[in-house]
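# Coordinate analysis (summary)
Spelled out, the chains give:
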Amino acid sequence: METILREEEDDGGGARGAKDPSRKPHVVALAYPMQGHINPMIHLCKRLASLGLSISLVNTQTNHDRLARSRGAALEQGLDIAMLALADDEEDPSAHQGGAGAGGDDALQRSLVAADAMERPFVALLQGLLDRGRGVDCILSDAFLGWSQDVADRFGIPRAALWASSTEYCLLNFHLLELRTRGYAPIRDASVLDDDSHTIAFIDGVAPLHPKDLPSILQRYSSHDPGFEKRYARTRRLCDAYWILGNTFQDLEPDALDAIQQAINDDPTSAAKKKRRNFSPVGPLLPSAFLGLGGDDLGSGNGLWIEDERCVNWLDKQSPSSVLYVSFGSLAVMSSAEMLELAAGIESSRQPFLWVIRPGSHLGSFDLEGFVERTRQLGLVVQWAPQLQVLFHPSVGGFLSHCGWNSTIESIAMGVPIIGLPCIAEQNLNCKRAVKDWGVGCKLQRRGDDDGDGDAIVGREEIERVVTRFMTGEDGMELRIRARELREAARRCVMEGGSSHKNLEAFVEAVRINGLR
Ligand SMILES: O=c1ccn([C@@H]2O[C@H](COP(=O)(O)OP(=O)(O)O[C@H]3O[C@H](CO)[C@@H](O)[C@H](O)[C@H]3O)[C@@H](O)[C@H]2O)c(=O)[nH]1
């Protein structure tokens, strides 16, 4: 393996650079170019900095600029975190998130292209740091950036990875080949989708699943798709990271966490190196203020879009637990037909709502102005919200969500029950767990996909019925009680002495004593 550092620069500690024992350990963190990955990386970096590490947090130039526009000076307050930008030659294609394609899959594809294009400028950035005598003790990169393991190996720097979704989804990635062999990734026989008795129950740590609950990206893979091989290889590279930090918590996914650790221990690559790799839950990765642990970090300014400041004032004027928060994250794209149904259903439910309609998040024509005008007394529509503040606000009683992992875990951490309307990626699976296993949500049923081409939409009557029962009936009350129980479990994990907190401390200590090697 090529080592980029020249011999004479290597002080025997790989790329650690300066030997000064008083030097704070320096971690170079690298975020995947998507909002749902940037957010947990920022929160993780803040936690690590507060535990004594010095952090350089790297984003694409485009995302760095967008963050700077929305952030002001908020991020670095009192913490040793430097925000760095990659010297991209071209505009980051992920900047057009939620663009033209239906569902949001186009945006996912663009983010893959953007992620690959980050390698060359990242190598240059790293080399620049080292050339200036800035030692690097660890590269902490998003698990989706598989190439960063090669870079870390070449530079002789240990790598840790952030897994930004559920542990269960990580396990499914580990079992991709088996899923493919058995005809589930992609789904070989479409009739299994209509057979309610069919279950997938052969993966340790993954409770039985219906093929419909598999992540949509796995269901639809073409076996000729080079993306499959790439995904598989990327997951395998994860086993070479010294430490994998998961944005989850012990009480939420105990079986999956045991199973993933076992899978990593058994993996031929890590076993061959005879060095234990850890998969450690360190979540929910959120500012402590939202976990009931004090602090004044309001988590604002991580957005690639500008937060609408009216949200909190508007919520202040509403009654406790009365407002339905509606948001589909940073990628999902609705058809105009589904937007129409959503709008009609929300309007006729007569429940107060705060709805985030991101620019580019729906196709075709939808008379947004007309809707806003008609519902002025009932709700507020914004382009981007301070979601953490919204979910934490006592007026919010429910979250109509696409069930992206961040939204799911944020909602759980704040005790807000969920109405799930999954759109793409692994949102099906997150929704299934929220509804069936954790008991904190219910799901809207889509209809009309008779030809199985995925164009089913949810109807206005279903939305009106579910929203009304959820916000005003006993169903919602029960879900709210369960959500609050899980919120307490999450808090216990992140507070001092809790499992997530201890795992973070152990990781920081390992970086400090150069124990990742
Ligand atoms: O108005 C808004 C809307 C969202 N957010 C934040 O944006 C993030 C959105 O993340 P997530 O809920 O995970 O949705 P996506 O952005 O769609 O995330 C992508 O990445 C996730 C992590 O891999 C996956 O779980 C999702 O399926 C995938 O779509 C969350 O932190 C939200 O708090 C805001 O701050 N304001």
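Residues numbered from 1 in each chain as written. Predicted model: local features only at pLDDT ≥ 70, side-chain atom pairs only at ≥ 80, totals over all residues. Heavy atoms only, no water.

Under an unreviewed UniProt entry, the protein chain has the name Glycosyltransferase and belongs to Selaginella moellendorffii. UniProt, in the comment section headed Sequence similarities (unreviewed entry), describes the protein chain in these words: "Belongs to the UDP-glycosyltransferase family." (UniProt positions renumbered as here; feature names shortened; annotations may be inferred.)

## Here we look at helix 4 (residues 119-131)
The end-to-end C-alpha distance of helix 4, which contains 13 residues, comes to 18 Å, matching closely the 18 Å that a straight helix rising 1.5 Å per residue would cover. When helix 4 is considered as a whole, its buried residues turn out to be Pro121, Phe122, Val123, Leu125, Leu126, Gln127, Gly128, Leu129 and Leu130. Looking at the residues trailing helix 4, positive phi occurs at Gly133, about 85 degrees. (Helix = DSSP H or I, 4+ residues; strand = E, 2+ residues; numbered from the N terminus. Expected span 1.5 Å × (residues − 1). Buried < 20%, exposed > 50% of the residue type's maximum accessible area, 1.4 Å probe, protein only.)

## A look at the confidence of the model for the protein chain
For the protein chain, the average pLDDT comes to 88, and 88% of its residues sit at 70 or higher. The low-confidence segment residues 1-14, where pLDDT is below 50, has 20 contacts with residues more than four positions distant or belonging to other chains. Confidence drops under a pLDDT of 50 for residues 97-102, and excluding neighbours within four residues, the segment shows 28 contacts in the predicted structure. Across the interfaces of the predicted complex, the ipTM metric reaches 1.00, alongside a pTM of 0.93. (pLDDT = per-residue confidence, 0-100. Contact = heavy atoms within 4.5 Å.)

## Section: the sheet that holds strand 11 (residues 396-401)
Across the sheet, 6 strands lie side by side as 10-9-8-11-12-13; this open sheet has parallel pairing. Two strands bound the open sheet, and with one partner strand each, they are strand 10 (379-382) and strand 13 (441-443). Averaged over all pairs of adjacent strands, the angle between strand axes in this sheet comes to 15 degrees, irrespective of strand direction. Strand contacts of helix 18 (residues 460-472): strand 8 (323-327), strand 11, strand 12 (418-420) and strand 13, with the helix running at about 150 degrees to strand 11, the strand carrying the most contacts. (Pairing = 2+ DSSP bridges. Axes fitted to C-alpha atoms, helices over the stretch in contact; angles between N-to-C directions.)

## Re the domain arrangement of the protein chain
By the assigned domains, the protein chain splits into domain 1 (26-182 + 227-288 + 495-513) and domain 2 (307-492). Across the boundary between the two partners, domain 1 contributes 33 residues, which contact 29 residues of domain 2. A combined buried area of about 2,400 Å² lies between domain 1 and domain 2, and 64% of that area is made up of carbon and sulfur atoms. At the boundary of domain 1 with domain 2, the tally comes to 1 salt bridge. A salt bridge links Glu168 to Arg433; the nearest nitrogen and oxygen atoms lie 2.4 Å apart. (Domains from an automatic or database assignment. Buried area = accessible area lost by both parts, 1.4 Å probe. Salt bridge = Lys/Arg side-chain N within 4 Å of Asp/Glu carboxyl O.)

## Describing unusual backbone geometry
Across the junction of Ala185 and Pro186, the peptide omega takes the value 5 degrees, indicating a cis bond. With respect to the helices and strands, the residue Pro186 is situated in the loop between helix 7 (176-181) and helix 8 (216-219). In this chain, Gly283 is followed by Pro284 through a cis amide linkage whose omega measures -5 degrees. You will see that Ser321, though not glycine, has its phi angle at about 55 degrees, which is positive. Structurally, Ser321 is set in the loop between helix 12 (310-316) and strand 8. In the Ramachandran plot, Cys403 falls in the positive-phi region, its phi being about 65 degrees despite a non-glycine side chain.

## Considerations on the sheet that holds strand 4 (residues 138-142)
The 7 strands lie next to each other as 3-2-1-4-5-6-7, forming an open sheet whose pairing is parallel. The open sheet terminates on both sides in strands that have one partner only, identified here as strand 3 (81-85) and strand 7 (278-281). Each adjacent strand pair in this sheet contributes to an overall mean axis angle of 20 degrees, direction not counted. By the bridge criterion, 4 bridges tie strand 1 (residues 26-30) to strand 4 in an arrangement that is parallel. Residue pairing across strands places Val28 opposite Ile139, the latter belonging to strand 4. Where helix 4 meets the sheet, it contacts strand 1, strand 2 (54-59), strand 3 and strand 4, and its direction lies at approximately 165 degrees from that of strand 1.

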